[in-house]
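These are the residues of each chain, in order.
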Amino acid sequence: AKSGGRARIDVFDGNLRRQAMTTMRTEADLRAALELGQLCLYYQPIVSLRHGGIAGFEALMRWNHPERGLVPPNDFIPLAEESGLIVPMGRWALQEATRQLVAWQLLFPRPTPLFMSVNVSSRQFRDDDLVSVVRDLLNETGIPPSSLKLELTESLLMENPAKCRALMQSIRDMDVRLSIDDFGTGYSSLAYLHSFPVDTLKIDRTFVQAVSTGEGNAAIVHVISTLATILNMDAVAEGVETEQEAEYLRDIMCQYAQGYHFARPAPAETVERLLVAETER
Ligand code: C2E
Ligand code: CA
Ligand code: CA
Ligand code: CA
C-alpha cells in the first residue's frame, strides 16, 4: 500500500509539472500572439427579424496559430482570463472591432447605423481602464456611441452589484449600450435586473434550440423576449439554426436573431460581401 501511494504521488507530480509547462508555454504563446498580431476577429451578423436585414454584428476572437491553425476562443480565453492577458487582449478586440465598425458605417450608411457588439470578460470589466479606453475610442472614431455594445455575463452583475452598477452607469452615461450575454443560464435575480442599466438581453442558444428539438422548454424564449419588452430592452436570440426557430421568433416578436441559419461568424471581407449584396438587393 505504501509503495502504491508513493507511485501515485510521483505520477501526480509528473502531471503537475507537465501541466505547468504546457500552461507556461501557451501563456507565453498567447502573449506573443497578441504582440505578433496573430489574434483576429470574426464577425457574425445580427439580423432584424422585422425586415430580415443585417442590423449589426458580434465580434468573436480567433487565434491564428502558426502550427495549430485557427484556434477557437473556448481554447484560449480561459487561459487569457487566468493570466490576466484578457485585459490587453480585450482592449485590442474593442479597438479592432470599433475601427471596423467605422469603416462599415461609412460604406453602408443606414437610418439606424450598423452596430457592433463586443464581448467583455468580467476581469476586463473590473479593470479601471475600461471606461477611458471606451471614451478614447469614441473620440478617435467618432461613431455614434449608441452603435457600440458591450456584452457582459450575468454572473458579473451578481459578483459585486453596487460596483458593477456604478461601472455600467458610467458606460451608459457615454451612451454606449450594454447587453447581458447567455441570458437565462446564470442566476441573476429578476428582481435585480431592472436596477441595472441594461439595453439588451441575449437569449442563450440552449433555449432557442429547444424550439426545434422539443427538449427543454421553448416557452422560455418567449418569456425572456417578453421580459425584455416589459423592461424596455431589446432581445437577441442566439444560435438560431433553423427556419422553424426563426419563424417562432418572428411569431413572438423577438427583435433580433443571430445564428448559422442567417450567417456564420466570418472574416471582415466575407461579411463585407454580404453587406454589399444586401445594398444591391
Ligand atoms: P458567445 O459570446 O456566447 O458567442 C456566441 C458563440 O456561439 C460563438 O462561438 C459563435 O460562433 C457561436 N454561434 C453562433 N451562431 C451559432 C449557431 O447557430 N449554432 C451554434 N452551435 N453556435 C453558434 P465562438 O466564436 O466559438 O465563441 C465562444 C465564446 O468565446 C463566446 O461565446 C464568448 O464567450 C467567448 N469570446 C469570443 N470572443 C471573445 C472576446 O473577444 N472576448 C471575450 N472575453 N470572450 C470572447
Ligand atoms: Ca457574446
Ligand atoms: Ca452568448
Ligand atoms: Ca457563451
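Everything here concerns the structure above.
Quick caveat: nothing in here was measured; it's all calculated off a predicted structure.

Another point: the overall build of the protein chain. Scanning the protein chain for helices and strands turns up twelve helices and nine strands. The C-alpha radius of gyration computed for the protein chain amounts to 21 Å, which stays within 12% of the reference 19 Å derived for 281 residues, consistent with globular compactness. Projected onto the principal axes, the alpha-carbon positions of the protein chain cover approximately 70 × 45 × 40 Å. Within the protein chain, the fraction of its 281 residues that count as buried is 47%. Sequence-distant contacts in the protein chain: of pairs separated by 6 or more residues, those separated by 24 or more amount to 67%.

So, on to the coordination of the calcium ion (ligand 2). Ligation of the calcium ion (ligand 2) by protein atoms is provided by Glu58 (OE), Asn119 (OD1), Glu151 (OE) and Asp181 (OD), these donors lying 2.1 to 2.3 Å from the ion. Written as a sequence motif, the donor arrangement for the calcium ion (ligand 2) is E-x60-N-x31-E-x29-D. Taken as an interatomic distance, the gap from the calcium ion (ligand 2) to the calcium ion (ligand 3) is 3.9 Å; aspartate 181 donates to each of them. Separated by 93 residues along the polypeptide, glutamate 58 in strand 2 (residues 54-65) and glutamate 151 in strand 5 (residues 148-153) bring together distant segments of the chain. Residue glutamate 58 shares its accessibility class with glutamate 151, and that shared class is buried.

Attention shifts here to the coordination of the calcium ion (ligand 3). The protein atoms that coordinate the calcium ion (ligand 3) are Asp181 (OD), Asp182 (OD), Glu238 (OE) and Glu238 (OE), at distances spanning 2.3 to 2.5 Å. Site description for the calcium ion (ligand 3): donor spacing in sequence, D-D-x55-E. Accessibility expressed as a relative area gives 29% for aspartate 182, which makes it partly exposed.

Our focus in this paragraph is the site of ligand 1. Taken together, 21 residues sit near ligand 1, with Met61, Arg62, Asp181, Glu241 and Tyr260 positioned nearest. Between a nitrogen atom of ligand 1 and a side-chain N or O atom of arginine 205, the distance comes to 3.5 Å. One nitrogen or oxygen atom from the side chain of glutamate 241 is found 2.5 Å from a nitrogen atom belonging to ligand 1. In the complex, 84% of the free accessible area of ligand 1, which totals 800 Å², lies under the protein chains. In this structure the site holding ligand 1 corresponds to the largest pocket. Residue assignment for the shell around ligand 1 shows that the elements contributing at least two residues are strand 2 and strand 6 (177-183). Top contributing element to the shell around ligand 1 by residue count: strand 2, with four residues. Split by residue class, the shell around ligand 1 holds eight nonpolar, six polar and seven charged.

The space that makes up the largest pocket amounts to roughly 1,300 Å³. Along its surface, the largest pocket is lined by 42 residues, and Glu58, Leu60, Asn74, Asn119 and Asp181 are the ones closest to its centre. Tallying contributions element by element places strand 2 first for the lining of the largest pocket, with five residues. Estimated volume of the second largest pocket: approximately 450 Å³.

On to the pairing of strand 1 (residues 39-48). Of all ten residues in strand 1, nine are buried, a share of seventy percent or more. In the sheet, strand 1 pairs with strand 2 via nine bridges, with the strands oriented antiparallel. The residue bridging leucine 39 from the neighbouring strand is tryptophan 63, located in strand 2. Counting the residues between successive antiparallel strands, the hairpin from strand 1 to strand 2 contains five residues, one of them, glycine 52, with a positive phi of roughly 80°. As paired strands, strand 1 and strand 9 (residues 256-257) are joined by two bridges and run antiparallel to one another. For valine 47, the partnering residue across the bridge sits in strand 9 and is alanine 257.

The next point concerns the environment of arginine 68. Along the chain, the position of arginine 68 falls in the loop between strand 2 and strand 3 (69-71). The exposure class assigned to arginine 68 is partly exposed, which follows from its relative accessible area of 46%. Beyond its immediate chain neighbours, meaning those up to four positions away, arginine 68 contacts Thr26 and Trp63.

Attention now goes to the packing of aromatic side chains. Summed over the entire model, instances satisfying the criterion amount to five aromatic pairs. Ring geometry for tyrosine 192 and phenylalanine 196: centres 6.1 Å apart, planes at 50°, overall tilted. Looking at tyrosine 192, the relative accessible area reads 35%, which means it is partly exposed. The class for phenylalanine 196 is buried, based on a relative accessible area of 4%. Chaining the aromatic ring pairs together yields one cluster made of Tyr43, Phe57 and Trp104. Here the basic side chain of lysine 149 rests over the ring of phenylalanine 115, its NZ or CZ set 4.2 Å away from the ring centre. For the cation-ring pair, arginine 264 lies above tyrosine 260, with the distance from its terminal atom to the ring centre recorded as 3.8 Å.

How each quantity is defined
Here, residues in each chain are numbered from 1, in the same order as that chain's written sequence. Chains carry letters from A onward and ligands carry numbers from 1 onward, assigned in written order. Where totals are concerned, whole chains, interfaces and linings use all residues; where local detail is concerned, this predicted model gives features only for residues with pLDDT of at least 70, and gives and counts side-chain atom pairs only at 80 or more. Each side-chain value is worked out from all heavy atoms of the structure, with water and hydrogens disregarded. What counts as a helix is a DSSP run of H or I of at least four residues, what counts as a strand is a run of E of at least two, and both are numbered from the N terminus. Every radius of gyration here is taken over C-alpha atoms, with the globule rule written as 2.2 Å times N^0.38, N being the number of residues. Burial status follows relative accessibility: with a 1.4 Å probe on protein chains alone, a residue under 20% of its type maximum counts as buried, one over 50% as exposed, and anything between as partly exposed. The criterion used for residue contact is that any of the two residues' heavy atoms lie within 4.5 Å. Excluding water, the donors of a metal are its N, O and S neighbours within 2.8 Å, or within 3.2 Å for Na, K and Ca, and that exclusion means sites may look incomplete. Here a residue is near a molecule or strand as soon as one of its heavy atoms is found within 4 Å of it. N or O atoms within 3.5 Å of each other form a polar contact, as long as, within protein, one can give a hydrogen and the other can take it, and as long as residues adjacent in sequence are counted only when both atoms are side-chain atoms. With residues, only the protein chains shown are counted as cover, and all accessible areas are computed by Shrake-Rupley using a 1.4 Å probe. Buried and open spaces are told apart on a 1 Å grid over the protein atoms alone, a cavity being a set of points where a 1.4 Å probe fits but cannot get out and a pocket being an open set with protein on both sides within 12 Å along at least five of seven lines. Residues with an atom within 4 Å of a point are the lining residues. A molecule is counted as occupying a cavity or pocket when more than half of its atoms fall within 2 Å of that pocket's grid points. Polar here means any residue other than Ala, Val, Leu, Ile, Met, Phe, Trp, Tyr, Cys and Pro, which are nonpolar, and Asp, Glu, Lys and Arg, which are charged; Gly is therefore polar. Grid points are joined across faces, edges and corners, and a volume is the space filled by probe spheres set on the points. By this definition, two strands are paired if DSSP reports at least two bridges between them. Whether two aromatic rings pair depends on their centres lying within 6.5 Å, for rings of Phe, Tyr and Trp, where Trp uses its six-membered ring; planes under 30 degrees apart make the pair stacked, over 60 edge-to-face, and the rest tilted. Sitting over a ring, as applied to charges here, requires NZ of Lys or CZ of Arg to be within 6 Å of the ring centre and within 35 degrees of the ring normal.

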